[in-house]
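Examining the three-dimensional arrangement
Here is how the chains run, residue by residue.
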Amino acid sequence: MGLSNVKIFHDGDSITVREIAGTIDHSLLRPDITTAELVEGCALAKEYHCVSVCVRPSDLPIVARELRDSGVLVTTVAAFPHGTATTESKVFETIDAIEKGAVEVDVVMNYARFLSGEFDYVQDELARVAAAAHERGALLKVIFENHYLTGEQIAHACRIAEKAGVDFVKTSTGYAPSGSKIEDLKIMRASVSPHIMVKSAGGVKTLDQALAVLATGTVRIGTRSTKAILEEAAQREREGKLFVRF
């Protein structure tokens, strides 16, 4: 997997519906989602040409089957949503997920250890998980859960994650009291090198919110509101009014 063809948008850029869809990881992580809803979610992602579907680990066989040959990537989570699994468990979850069809894994950082000042622990753990993913041709995103971090801590977490070799830094799980914030995304984009990508998740429910996220240089959006966002985008595109903007 590579990131060489990822397009970065800036405030004021024009954008197409297809390009917005190409930033969306359609989220199917709610704990009560049924098998039928998984199948429906995959069909929606294929219809709208989303970049990926992000699902619970146990759902991978179903989703890998539904998305086969569609061009929509299979994504899952590890140590979700609290990040407190052991390092060995996170590595195993990552390997197991890839063997079951995932090509991207979103692992939750142990932010309790981070808040305890155990930065070497956090970096070593992420490095081991990243190595497990990369050895098997998959990408790794690390979820910080920014609700619990200050701006300075977010920047520090970004530097640790980059040293560990991750591919993306990500705002949140969607299960903390707050999710993605524009100011946090700006900090994240400024705190990592250009080859490290930024993903927003948690609370992006409208087209205007999605466009504001993309204006920060963020390239992925995790959302359950895919259909509503893209249908509004299609209407605005027809009117010639579809632009990335804060």
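Residues numbered from 1 in each chain as written. Predicted model: local features only at pLDDT ≥ 70, side-chain atom pairs only at ≥ 80, totals over all residues. Heavy atoms only, no water.

As recorded by an unreviewed UniProt entry, the protein carries the name Deoxyribose-phosphate aldolase and is attributed to [Clostridium] asparagiforme DSM 15981. For the protein, the Subcellular location (unreviewed entry) comment in UniProt is given as "Cytoplasm". If you open the UniProt record of the protein and go to Sequence similarities (unreviewed entry), you find "Belongs to the DeoC/FbaB aldolase family. DeoC type 1 subfamily." (UniProt positions renumbered as here; feature names shortened; annotations may be inferred.)

With that settled, consider helix α7 (residues 151-164). In a regular helix each residue adds 1.5 Å, so 14 residues correspond to 20 Å; α7 covers 20 Å between its end C-alpha atoms and thus fits that length. For α7, the complete set of buried residues consists of I154, A155, A157, C158, I160, A161 and A164. Residues of α7 that are buried make contact with α5 (111-115), α6 (119-134), β5 (139-143), β6 (168-170) and α8 (182-191). Directly beyond the C-terminal end of α7, a positive phi value near 95 degrees is found at G165. (Helix = DSSP H or I, 4+ residues; strand = E, 2+ residues; numbered from the N terminus. Expected span 1.5 Å × (residues − 1). Buried < 20%, exposed > 50% of the residue type's maximum accessible area, 1.4 Å probe, protein only. Contact = heavy atoms within 4.5 Å.)

Here we come to the side chain of K199. Following the sequence through the fold, K199 ends up in strand β7 (residues 197-201). When its relative accessible area of 1% is taken as the criterion, K199 is described as buried. In this structure the side chain of K199 is engaged in a polar contact, spanning 2.8 Å, whose partner is the side chain of D25. In contact with K199, not counting residues within four places along its chain, are D25, D106, K141, F168, V169, K170, T171, L185, T218, R220 and G222. (Polar contact = N/O pair within 3.5 Å; in protein donor to acceptor, adjacent residues only side chain to side chain.)

The next thing to look at is the nonpolar core. Taken as a class, soluble globular proteins show a tendency for nonpolar side chains to be buried jointly. Ranked by size, the top nonpolar core spans 74 residues in total, and within it I20, M109, V142, F144 and V169 carry the most contacts. Looking at this core element by element, the count peaks at 7 residues for α7. Discounting residues that sit within four places of it in the chain, V142 has contacts with V107, M109, L126, A161, V166, F168, V169 and K170. (Core = buried A, V, L, I, M, F, W, Y, C linked by side-chain atoms within 4.5 Å.)

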